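As a plain string of letters, each chain reads:
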Amino acid sequence: MDRRSLIKHAGVAGVLAAGVAPAVHAQATVRWRVASSFPKSLDTIYGAAEVFAQKVRALSGGKFDVSVHSAGELMPAFGVVDGVQNGTVEAAHTAPYYFFGKDETFAIGGAIPFGLNSRQMTAWTFEGNGLKLMREFYAKYNIVHFACGNTGAQMGGWMRKEIANANDLKGLKFRIGGFAGKVLERLGGVPQNIPGGEIYQALEKGTIDAAEWIGPYDDQKLGFNKVAPFYYYPGWWEGGLQLDLYINQKAYEALNAEQKAIVEAAATYAHVETQAKYDVKNPTALKQLVGSGAKLRPFPADVMTQAFKQSMDLYEELSAKNENWKKVYSDYARFRSDQNLWFRFTEASFDRFMQSQKL
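Bear in mind the structure is a predicted one, so any value in this text is a computation, not a measurement.

## With respect to helix α2 (residues 47–59)
Then step 1. Between the first and last C-alpha of α2 there are 18 Å, a value that for 13 residues agrees with the 18 Å anticipated at 1.5 Å per step.
Then step 2. Among all positions of α2, only Gly47, Ala48, Ala49, Val51, Phe52, Ala53 and Val56 are buried.
Then step 3. At its buried positions, α2 is contacted by β1 (30–36), β2 (64–69), β3 (91–94), β4 (143–150), β10 (242–248) and α11 (257–291).
Then step 4. A positive backbone phi angle near 65 degrees is found at Gly61, which sits one or two residues after α2.

Right, dumping it as structure tokens:
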């Protein structure tokens, strides 16, 4: 009697009694590499990808293994879109606006000047048309994306000299994240797009006059207060930077339904946890920075007013010449208008009252 016949006639119990093991088709372990655009030293923003990887492994019982690689380990910080698009890596974790040079529409997926705050961005992504519209756009680059972290509203950065008015921005060599540099240029500034791990050296050497990163917790880790005394707020270009997990389309389509659900669940968990970390860590870091001599300053009113006008003019110009931008931004702008109407009567008024109280 051959093996198949034995299994057919004897059943599993008989086979085991006969000492013949039935063939078992174990599911092969899926292995992915995630290229991060951030240095490993930043446990918040780099850590979002680590949280994602840990959740994927836990939810899959170890059958889906994800390794995370810091900026420069597999490819440069700003090379990750090419890496995912070409299939060099299965996935990347990054800030979408770094890639506005390919198409300005990338920036909408992360943050644009005077855009949505973090809650509004999450709402547009998950319950508005954001996920649908951005996926249609990213498909041109062989990418499927998931929201995977948000920093919340950011600080305005560190300056060597005080900014008294908008004229002081003219000629200012300012490390500013991605797309916001287009607005800074219109104000007379000179934007510098430098990866996080390289900013301190450029600021220390005087290669740049000013730099922004995210906020107090990360800025303290990077040591910017040691080389530039004035700390400005708010980061009008980032009301809430959404980080994305970019996945190569073929790699994603190769997953089964359960694995796809695991990716979505893990990315969503990391999305929520990242902002929670920033909201917990930033207040203490800000107090420590001010206590050690950082000079906290609001941007002058004319800086805010002129930056807003230049931003709106830029968006109108882009809508006239970039169909990808026009399609996504028109929906985004309508959503922003409704959200600000709502927040004006609820969140903003509650926050203003609470912040005026002695707690």
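## Regarding the sheet that holds strand β6 (residues 173–175)
Then step 1. Read from one edge to the other, the open sheet built from six strands follows the order β7-β6-β8-β5-β9-β11, with strand pairing classed as mixed. Both outer strands of the open sheet, β7 (190–192) and β11 (295–298), are each paired with one neighbouring strand and no more.
Then step 2. Inspection of the sheet shows strand β5 (residues 157–159) paired to strand β9 (residues 230–233) by three bridges, in the antiparallel sense. The residue bridging Gly157 from the neighbouring strand is Tyr232, located in β9.

## As for the environment of Arg336
Then step 1. Looking at where Arg336 falls in the secondary structure, it is placed in helix α13 (residues 323–345).
Then step 2. Spatially, the C-alpha atom of Arg336 lies 9.1 Å from that of Asn117, the residues being 219 residues apart in sequence.
Then step 3. Ignoring any residue separated from it by four or fewer positions in sequence, one finds Arg336 in contact with Phe114, Gly115, Leu116, Met312, Tyr315 and Tyr329.

About the criteria used
Residues numbered from 1 in each chain as written. Predicted model: local features only at pLDDT ≥ 70, side-chain atom pairs only at ≥ 80, totals over all residues. Heavy atoms only, no water. Helix = DSSP H or I, 4+ residues; strand = E, 2+ residues; numbered from the N terminus. Expected span 1.5 Å × (residues − 1). Buried < 20%, exposed > 50% of the residue type's maximum accessible area, 1.4 Å probe, protein only. Contact = heavy atoms within 4.5 Å. Pairing = 2+ DSSP bridges.

Distances and angles like these do not, on their own, reveal function.
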